[in-house]
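# Fold and contact review
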Amino acid sequence: MPVITYREALRQAIDEEMERDDRVFLMGEEVAEYEGAYKVSQGLLGKYGPQRVIDTPITEESFTGVGIGAAMLGLRPVVEWMTVNFGLQAMDQIINNAAKLRYMSGGQITLPLVVRGPNGPAEWLAAQHSQALQALFAHVPGLKVVAPATPADAKGLLKSAIRDDNPVIFLEGELMYAWRGEVPQGEWLVPLGKADVKRAGGDVTIITFGRPLRAAHEAAEQLVRQGVEAEIIDLRTLRPLDEATLYASVARTNRCVVVDEAWPLASVGSHVAWLVARNCFDDLDAPVELVSGDDIPMPYNHALELAAQPSAQKVVEAVKKVMYL
Amino acid sequence: MAAFGIWCLGFVWDLEFGIWDFAFPEERTVAELIPMLALSPTMEVATIIKWNKAEGDTVTAGELLCEVETDKAIMEYEAPVEGKLLKILVGDGQSCGVGEPIAVIGGEDEDITALLAQAQAKPTGAAAATTGKPAAAPPLAAEQQPQAAPLVAAPQAAAAPSAPIPPPAETGRRAPVSPVARRLAEQAGVDIGALRGSGPGGRVVKRDVEEAAGRGAPLAVPAGVPPSAAAAPAAAPAAAVAPSPQAAPPAALVAAARASAAAPAPAAPAPTAPAPGLAAQVAAAGAPAEMTEQVIPISPMRRAIAERMTQSKAAAPHYYLVIAVRMDALLEARQRLNESLGRKISLNAFLLKFVAEALARVPRVNATWEAGGGGGGYQTIRQHGRADIALAVALNDGLIAPIVRDCSRKGLLAIDGELAGLIARAQAGQLRGEEIENATFTLSNLGNMGIDQFTSIINPPCAATLAVGRIARTPVIDEDGELAVHSVMKLTLSCDHRVIDGAVGAKFLSELKALLENPVQPALVVQL
């Protein structure tokens, strides 16, 4: 199986879906001539032309709205936000239009829209551009929210998202674009709403998604030396949540640590921790731990910036806590 | 404009918060007796070192109320409820048993005469405190403190495991239990009330149940039990594996009888399908001994050892003096004494006696380095007027040093008798706080373990500790140049150089050596 980057995996998904269905098109800032701020759309303008790979003005609210309108009328747009921080300009379009139209039309309108872009802190981008905003989208019924953490999931989930008739917010990561991994060639679909056990273990369940998956893996390796086998579950889709996979794991391990790089209040992680605490109450040997980003705007100072985010060390500490080590 | 709006909101919020803050204590007007809690698993009696609140002070739940010295360490007692500290029933330096009321917390100007009378009337009240007897805690703690569980807040624990066996009588509260531990205990028939939790605040967690089930498994058909009795567990398999630290078979049978009488198996235990962890534990119990990596939780005693030793080694500049002592004469004298008394006087009793004598001759060794009080920063040396000598006693997992007070004024027999009692109670975990506090000198003897000589860490507040090696038959060049075989014991004195200079320590050791080598010293004989 070829080993490619997360960025290439996304490109494959868009390319294959555009090839497969001519209603699929890509638009966003710098996606065409510049071939994407993060080079996800490299080569697509040359292959599909300016009708289907469209550079937009710097107006997130407008071009997101254009995408919603196009989806209402039967096309399958992929809208790229250069970062999710810029996408905040378009929140009214997302929450009041994209998320509501199927519901308020009694199902007469379908909305096969994918809005995608990098989410979560990168490095040295300071408070306004280092935010993990998944909770804002996961909060809203009517949206689907996807956050792949591996190249294979990135490809399989993006293809499924493009084929889905609901608006899907597809959260990538600036620091993940260069991550490499095995990715199946050709038709490869990962279903939305299905979590994945990324590492099997019987002592503690670590639930995470997106970039912190790597910290979870590092933590699991460190914990092996202390005789602890951690099970790592990658949520992959934040809405709808695959609860069954979580509960089955916690029923075996009796201990649970949730890792979410977002702020802790009202986050996906805190919600998952609550779900596990409620639904696995009789299986738990310790209160569920949440490893989150610190509850502060991201510092620009690099040492503080790193200290404010989940790390392998913080995950190890949390695991020790739930295991009474 | 927007900023102004936010500022306004903030102001309103603060105001509301403030009102809440004031309103809350006033709504709470029912005064409560605050009981002494078991702050360590083995604690029965405790001494209040210092109240951090005075009568009339307002306390909030979780705030430090007082410092309590248990059998193992000084612990912080946090206020279980909020209100006004209306009355302190057990003052600074006073002791009381677990479950006895130590204070009353309630509302402003509340009439607490009835409560105080109740506290007096309790058979477990203040009077019992002076006897040092453990109080029957459950009634007080359970009836009067339904919502107060400060150190281990777990109201759900009061819902009780379904096991019909009552909680151990010596604790006044139920320890919290993790949900899965509760479920596994029910499945394995482990009596959760009898477990000592290793989690935070004494929480009974999964591994505690697994360990109990592992220990209890062999009891399913206890050895030495008549066949008819051994058959009984089959009727109540759950109870048969209940852990029973002492007198296992009878306790297990009692538990079995209670279980079958009181609980007509509401949820059938499933001993045939225990959790995987349990199976592994049971399997491991039968396997030959092998080294396995373990993570061992820190007991209060281990924590106390760690803190005191680290602090001592860091604060006191240690140096060590070694001296070899010929013990032939003393051993001979001891043998004669033993024969005449018809009983054995322990060597440690001799050592304590002679050390006390040497301390009287070099009193600077019997001292404590004191950081000056009053915030002035000056420091003093307290040279004690009494030789209160501690002897380190090894325990299963730990160490404790009970003290024989005033060894100079006691005879050998008295010292020996006291020592035997202290060692027995130390090993049974029954020492009281006052029996381990404020030694003036400490002795540690590893001779019976075959150790020739060793250095010890000074046991604070002492300024010196004596490490005693074994008595070995050793070739020695005598004073007249002849090679002879003698019984030689090596003593190592660890000194705190802040208090004891090298020459002073050396003087003490040479005095001690002279006394031990020439036991026909009047001190011994006269005081017998």
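As the structure is a computational prediction, the values presented were derived from the model and not from experiment. (Residues numbered from 1 in each chain as written. Chains lettered and ligands numbered in written order. Predicted model: local features only at pLDDT ≥ 70, side-chain atom pairs only at ≥ 80, totals over all residues. Heavy atoms only, no water.)

### Regarding the overall build of chain A
Note the threshold: Every helix listed is a DSSP run of H or I at least four residues long, and every strand listed is a run of E at least two residues long, numbered separately from the N terminus. Three labels apply to residues, based on accessible area from a 1.4 Å probe with only protein chains included: buried if under 20% of the type maximum, exposed if over 50%, partly exposed otherwise in between. Residues are treated as being in contact if the distance between any of their heavy atoms lies within 4.5 Å. Residue exposure ignores everything except the shown protein chains as possible cover, and the areas themselves are Shrake-Rupley values with a 1.4 Å probe.
Each helix and strand in chain A was counted, giving 14 helices and 14 strands. The buried share of chain A, reckoned over its 325 residues, is 58%. Expressed as a percentage of contacts within chain A between residues at least 6 apart in sequence, the contacts between residues at least 24 apart total 82%. Surface summary for chain A: the accessible area is close to 12,900 Å², and the carbon and sulfur share equals 55%.

### Side note on the side chain of aspartate 191 of chain B
The cut-off we apply is this: Contacts described as polar in this section are N or O atom pairs within 3.5 Å, which, within protein, must combine one atom able to donate a hydrogen with one able to accept it, while residues neighboring in sequence count only if both atoms come from side chains.
Here aspartate 191 of chain B shows up in the loop between helix H5 (179-188) and helix H6 (206-216). A polar contact of 2.9 Å, which involves the side chain of aspartate 191 of chain B, links it to the backbone nitrogen of glycine 193 of chain B.

### Describing the pattern of salt bridges
Going by this rule: Just to be clear on terms, a salt bridge is a Lys or Arg side-chain nitrogen sitting within 4 Å of an Asp or Glu carboxyl oxygen.
Using the criterion set out here, one finds 49 salt bridges over all chains in the structure. When the shortest N-O distance is used, the salt bridge between lysine 53 of chain B and glutamate 63 of chain B registers 2.7 Å. With lysine 53 of chain B in the loop between strand S2 (45-51) and strand S3 (58-59) and glutamate 63 of chain B in the loop between S3 and strand S4 (64-69), this residue pair connects regions lying 10 residues apart in the sequence. Close ionic contact of glutamate 435 of chain B with arginine 432 of chain B constitutes a salt bridge, the shortest N to O distance being 3.8 Å. On the basis of relative accessible area, arginine 432 of chain B is assigned to the partly exposed category, the value being 36%. Overlapping salt bridges, with partners in common, bring together Glu16, Glu17, Arg20, Lys155, Lys159, Arg163 and Glu187 of chain A in one network.

### Concerning the environment of proline 112 of chain A
All names here are of chain A. Mapped onto the secondary structure, proline 112 falls in the loop between helix H6 (101-104) and strand S5 (114-118). Expressed as a C-alpha distance, the spacing of proline 112 and aspartate 165, which sit 53 residues apart in the sequence, is 4.1 Å. For proline 112, the residues in contact, after removing those within four places along its chain, are Ala71, Leu75, Arg76, Pro77, Asp164, Asp165 and Asn166.

### Observations regarding the interface of chain B and chain A
For the record, the criterion: Computed with a 1.4 Å rolling probe, the buried area is the accessible surface lost when two parts are put together, summed over both parts. Under the scheme applied here, ten amino acids are nonpolar (Ala, Val, Leu, Ile, Met, Phe, Trp, Tyr, Cys and Pro), four are charged (Asp, Glu, Lys and Arg), and all others, including Gly, are polar.
Taken together, the contact between chain B and chain A spans 13 residues of the former and 17 residues of the latter. Between chain B and chain A, the buried area comes to about 1,100 Å², and carbon and sulfur atoms account for 50% of it. For the pair chain B and chain A, the number of links is 1 salt bridge. The closest approach of N and O atoms between arginine 183 of chain B and aspartate 283 of chain A, which form a salt bridge, is 2.6 Å. Looking at the side of chain B that touches chain A, the elements that each hand over two or more residues are H5 and H6 of chain B. With 4 residues, H5 of chain B is the single largest residue contributor to the side of chain B that touches chain A. Among the residues making up the side of chain B that touches chain A, the classes are represented as 6 nonpolar, 2 polar and 5 charged.

### Points about the packing of aromatic side chains
Two descriptors summarise a pair of aromatic rings, namely the distance from one centre to the other and the angle between the planes of the rings. Residues and elements named next belong to chain A. This is how the line gets drawn: In summary, the pairing rule links any two rings of Phe, Tyr or Trp, Trp by its six-membered ring, whose centres are within 6.5 Å, and it sorts them by plane angle into stacked for under 30 degrees, edge-to-face for over 60 and tilted for everything else.
Under the definition given, this model contains 4 aromatic pairs over all chains. With a centroid separation of 6.1 Å and an interplanar angle of 70 degrees, the aromatic rings of tyrosine 6 and tyrosine 177 are classed as edge-to-face. Of this pair, tyrosine 6 sits in helix H1 (residues 6-20) while tyrosine 177 is found in the loop between strand S7 (168-172) and strand S8 (180-182), placing the two residues 171 residues apart along the sequence. The same class applies to tyrosine 6 and to tyrosine 177, which are both buried. Relative to phenylalanine 137, the ring of tryptophan 81 lies with its centre 6.0 Å away and its plane at 40 degrees, an arrangement referred to as tilted. Residue tryptophan 81 is located in the loop between strand S4 (76-80) and helix H4 (84-87), and its partner phenylalanine 137 is located in helix H8 (residues 134-138); the two are separated by 56 residues in the primary sequence. Residue tryptophan 81 is classed as buried on the basis of its relative accessible area of 1%. Here phenylalanine 137 falls in the buried class, since its relative accessible area comes to 0%. Taken together, Tyr6, Tyr38 and Tyr177 form an aromatic cluster joined through their ring pairs.

### Observations regarding unusual backbone geometry
The peptide bond linking arginine 239 of chain A to proline 240 of chain A adopts the cis configuration, its omega dihedral lying at -5 degrees. Position of proline 240 of chain A among the secondary structure elements: in the loop between strand S12 (237-239) and helix H11 (243-253). The step from proline 460 of chain B to proline 461 of chain B runs through a cis peptide bond, and the omega angle for that step is 10 degrees. The topology assignment puts proline 461 of chain B in the loop between strand S16 (441-445) and strand S17 (464-477). The backbone phi angle of aspartate 406 of chain B is positive, close to 50 degrees, even though this residue is not glycine. Relative to the assigned elements, aspartate 406 of chain B resides in the loop between strand S15 (403-404) and helix H14 (412-427). Since its relative accessible area comes to 16%, aspartate 406 of chain B is described here as buried.

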